[in-house]
Structure formats: structure tokens, C-alpha cells
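Chains, contacts and geometry: an overview
Letter by letter, the chains look like this.
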Amino acid sequence: MYIYETHIHTSACSGCARSTAIEHIDKAIEVGYSGIILTNHFYGGNTCIDRKLPWFDFVDAYRKDYIIAKEYAEKHNFDVIFGLEDGYGGGKEMLIYGIEPEAVMNEPDYPKMNLKEKSEFIHSCGGIVSSAHPFRHRSYILEPDTPPDASCFDAVEVFNFNNADEENDKALLFCIENNLLPISGGDSHIITELGGSGIVFNHRVKTEAELVTALRERDYKLVMRDKIVHINDL
């Protein structure tokens, strides 16, 4: 059994995070994870990387924490996979899996893209797009109960450790109705939030491409606080 946390923020890139990538890795190993996906806030979200930097330099600064984390993890037989969380308007956010940082680094028009354009771009790079906590109620989210445009997404975060049960329930219903891939994530900004979420695979997943393949095979389980459920039983 290989457990991966799918939604992690670190203090080097996300303005709202309180723990470093190294601290997250140490804690994840302690509580039994096989790997993590780093999904720091990107250009359209609460990043702490200077947006005034030239595009190449901005993405390069963003990926440095991922490189540090990956090199540290390799010494501990632990997997770190690149991802990102980006906003697309009105406080709504998406999680992007399956691409390498160079993909966005080489696309300077990325910040100007709308949701549909970003989705098409990510797909052209072999990645997948997941709706992050789609029905979350927060002051910064303008229309929390408005469903996402399902045509732009491959997956839905049906369980977010920091969401209310009713918010997660709405996300699960939306996922099932649109035949999308279900995801469980901790949305961890501090290491005390690790341990009650993630995805369980039957085999190790080491790369961004392997993650996409494993998800599309639809043979995995979700960690949902105190239970582990196969996606076919949701």
C-alpha cells in the first residue's frame, strides 16, 4: 500500500503556508506516506513569489522549492511529485497534476489564459486538471455554491481535510454526476494537518507521468479522515 498526499503548500512559495517542504516530508514519512505532491499557490493564487519577476525567473523561483524537496526526499526513499494550485477567478482554484515545471516556464502566455485555455494547455502537456475544494465557503470566494465548468476538469477534490462535510459532500456529488476522477487532499499548510487524507495506490508512483497513468486507471483508494475507501465504493 502506497499513500500519497495530493495537496501540499510550503512556506517558500505559498503565502499562507507555515511549514517548509523538508518539514512536510519528515512529517509525511513519520505518519506513513510514500510520497507527496507539492501544489504550491501559483501565479493566480496566494503565491509569495514576486510576480514582477520576468516569467522565466518567476517559474524558476517557484520550482526551486520543489527541487530542494525532491533532492531531500531521494535520500529517504520518498517520492516528491510536482504540481501546482492556481486560481481562475472569483476565488475558485484548480490543482494541476502530471506536468513538469518546465512546461509552464516555456509558456509565457500562461498568466493571460482563462480556465478553458489553461485546461487545454495542461492537457496538451499530458497533465490533468482537478477542481480544488469546489464548494468551499470562504470570504474570498465570490460564488461558493456555483459548480465548476465540468468540461474543463478531469478530477474533483471530493475530500478536502480542511473543508466542512457538507462542502465535501457537494464535491463528491458533482464528481459522480460528471464521471470525473475523485481526489482526496489535505490542503496542508502546516505539518499538523498531515495524516487524514490522500490517495492509496497498489504500486509506487515516482513521476508526474506515472501519477497521471495511475489516476486514469481508476484503481485506487481515498484516505478520508478515519477511513480508506476504494473510488468504486464512493
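We now turn to the structure provided with this report. Please read all numbers here as calculations on a predicted model, not as lab measurements.

On to the overall build of the chain. Counting its regular elements, the chain contains 6 helices and 10 strands. Seen through its C-alpha atoms, the chain measures out along the principal axes to roughly 45 × 45 × 35 Å. Every one of the 234 residues in the chain was classed for burial, and the buried ones make up 54%. Across the chain, contacts joining residues at least 24 apart in sequence account for 71% of those joining residues at least 6 apart. Carbon together with sulfur atoms contributes 50% to the accessible area of the chain, which is approximately 10100 Å² in total. Averaging the coordinates of the 22 positive side-chain charges in the chain and doing the same for the 38 negative ones gives two points 2 Å apart.

For the coordinates displayed, the defined rule picks out 10 salt bridges. In this structure, the salt-bridge partner of aspartate 79 is arginine 204, at a minimum N-O distance of 2.8 Å. Of this pair, aspartate 79 sits in strand E3 (residues 79-89) while arginine 204 sits in the loop between strand E8 (197-201) and helix H6 (208-216), and the two are 125 residues apart along the sequence. Look at aspartate 79 and you get buried, because its relative accessible area is 5%.

The subject of this paragraph is the nonpolar core. Phe42, Val80, Tyr110, Phe201, Leu215 and Tyr220 are the most contacted members of the largest nonpolar core, which has 69 residues in total. The residues contacting phenylalanine 201, other than those within four sequence positions of it, are Met1, Tyr2, Tyr4, Leu211, Ala214, Leu215 and Tyr220.

Here the focus is helix H2 (residues 55-74). With 20 residues, H2 ought to run about 28 Å at 1.5 Å a step, and its terminal C-alpha atoms sit 29 Å apart, in line with that. Looking at H2, one finds that the buried residues are Trp55, Phe58, Val59, Asp60, Tyr62, Arg63, Asp65, Tyr66, Ala69 and Ala73. Looking at the buried residues of H2, the elements they touch are helix H1 (21-31), strand E2 (35-38), E3, helix H3 (101-105) and H6.

Before going further, it helps to spend a moment on the packing of H1 against H2. At their nearest, the axes of H1 and H2 sit 9 Å apart, and the two run at 35° to each other. Both H1 and H2 take part in a crossing whose hand is right-handed. Residues Ala21, Ile22, Ile25 and Asp26 of H1 form the contact with H2, whose participating residues are Asp65, Ile68, Ala69, Tyr72 and Ala73. Of the residues contributing to the contact of H1 with H2, the split by class is 7 nonpolar, no polar and 2 charged.

Before going further, it helps to spend a moment on helix H4 (residues 115-124). It helps to recall that an α-helix has 3.6 residues per turn; residues three or four apart then point in one direction. Where H4 is concerned, the buried positions are Leu115, Lys118, Ser119, Phe121 and Ile122. All buried residues of H4 fall inside an arc of 165° around its axis, so they share one side. For H4, the exposed residues lying more than 90 degrees away from the buried face are Lys116 and Ser124. Contacts from the buried residues of H4 go to E3, strand E4 (92-97), H3 and strand E5 (128-132). Positive backbone phi, approximately 90°, marks glycine 126, located one or two places after H4.

Among the 5 residues that make up E5, 5 are buried, leaving the element largely enclosed by the rest of the structure. Bridge analysis of E4 against E5 gives 5 bridges, and the strand direction is antiparallel. Paired with leucine 95 across the strands is serine 130, a residue of E5. Pairing geometry for E5 and strand E6 (residues 155-160), over 2 bridges, is parallel. The residue of E6 that forms the bridge with serine 130 is alanine 155.

Rules behind the numbers
Residues numbered from 1 in each chain as written. Predicted model: local features only at pLDDT ≥ 70, side-chain atom pairs only at ≥ 80, totals over all residues. Heavy atoms only, no water. Helix = DSSP H or I, 4+ residues; strand = E, 2+ residues; numbered from the N terminus. Buried < 20%, exposed > 50% of the residue type's maximum accessible area, 1.4 Å probe, protein only. Contact = heavy atoms within 4.5 Å. Areas by Shrake-Rupley, 256 points an atom, 1.4 Å probe, with all protein chains shown as cover. Lys, Arg positive; Asp, Glu negative; His and termini not counted. Charge placed at Lys NZ, Arg CZ, Asp CG, Glu CD. Salt bridge = Lys/Arg side-chain N within 4 Å of Asp/Glu carboxyl O. Core = buried A, V, L, I, M, F, W, Y, C linked by side-chain atoms within 4.5 Å. Expected span 1.5 Å × (residues − 1). Axes fitted to C-alpha atoms, helices over the stretch in contact; angles between N-to-C directions. Left-handed = near helix turned anticlockwise from the far one by under 90°. Nonpolar A, V, L, I, M, F, W, Y, C, P; charged D, E, K, R; others polar. Arc of directions from axis to C-beta. Pairing = 2+ DSSP bridges.

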